[in-house]
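A look at the structure
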Amino acid sequence: MNKEYEPDWDQAVVQNHVAPVAKQQPAGVKQIVTIRLDVDMLEWFKAAGPGYQTRINQVLREHMDAQRAAEAAGN
């Protein structure tokens, strides 16, 4: 975890796993999260050098865009 990040444990947690399409944040707005990844997958991303978090984000974004396009095509 980021050593500079200090979580505020006194704040209530909002559990909303799927953001509504109408309330999307612009691309590039980042939020600090904790995510558990398979060790081999994380090592593979890190082996490509600095920027592994950006690469993981890009892969997730491409998957999200593909899913949204598939949903839109089905409607």
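You'll find the structure just up there.
Each value, and the rule that gives it
Every chain's residues receive numbers from 1 upward, in the order its sequence appears when written. For a predicted model such as this one, the threshold for reporting local features is a pLDDT of at least 70, and the threshold for listing and counting side-chain atom pairs is 80 or more; totals across whole chains, interfaces and linings nevertheless cover every residue. Only hydrogens and water are removed before side-chain values are computed, so all heavy atoms of the structure are retained for them. The way it works is that DSSP assigns letters per residue, a run of H or I at least four long becomes a helix, a run of E at least two long becomes a strand, and they are numbered from the N terminus. Three labels apply to residues, based on accessible area from a 1.4 Å probe with only protein chains included: buried if under 20% of the type maximum, exposed if over 50%, partly exposed otherwise in between. Where accessible areas are quoted, they stem from the Shrake-Rupley method and a 1.4 Å probe; at the residue level, only the protein chains shown are allowed to cover. Helix axes use the C-alpha atoms of the stretch in contact, all axes being lines fitted to C-alpha atoms, and the angles between their N-to-C directions lie in the range 0 to 180 degrees. If you view the pair so one helix is near and one far, a crossing is left-handed when the near helix is turned anticlockwise from the far one by less than a right angle, and right-handed when it is turned clockwise. By definition, residues are in contact when any of their heavy atoms lie within 4.5 Å. All residues other than Ala, Val, Leu, Ile, Met, Phe, Trp, Tyr, Cys, Pro, Asp, Glu, Lys and Arg, Gly among them, are scored as polar; the first ten of these are nonpolar and the last four charged. For Phe, Tyr and Trp, where Trp contributes only its six-membered ring, two rings pair if their centres lie within 6.5 Å, and the inter-plane angle classes them as stacked under 30 degrees, edge-to-face over 60, or tilted in between.

**Comments concerning the overall build of the chain**
Scanning the chain from terminus to terminus reveals 2 helices and 0 strands. Within the chain, buried positions represent 3% of all 75 residues. Accessible area for the chain stands at about 7,500 Å²; split by element, carbon and sulfur atoms hold 55% of it.

**Topic: the packing of helix α1 (residues 39-47) against helix α2 (residues 52-74)**
Two elements in contact, α1 and α2, have axes separated by 8 Å at closest approach and are oriented at 115°. Read as a crossing pair, α1 and α2 show a hand that is right-handed. Along the contact surface, α1 presents Leu-42, Phe-45 and Lys-46, while α2 presents Tyr-52, Arg-55, Ile-56 and Val-59. For the contact of α1 with α2, the per-class residue count stands at 5 nonpolar, no polar and 2 charged.

**Comments concerning the packing of aromatic side chains**
Enumeration according to the criterion identifies 1 aromatic pair in this entry. With 5.1 Å between their ring centres and 85° between their planes, Trp-44 and Phe-45 make a pair best called edge-to-face. For Phe-45, a relative accessible area of 9% puts it in the buried group.

Honestly, it's all geometry; don't read function into it.
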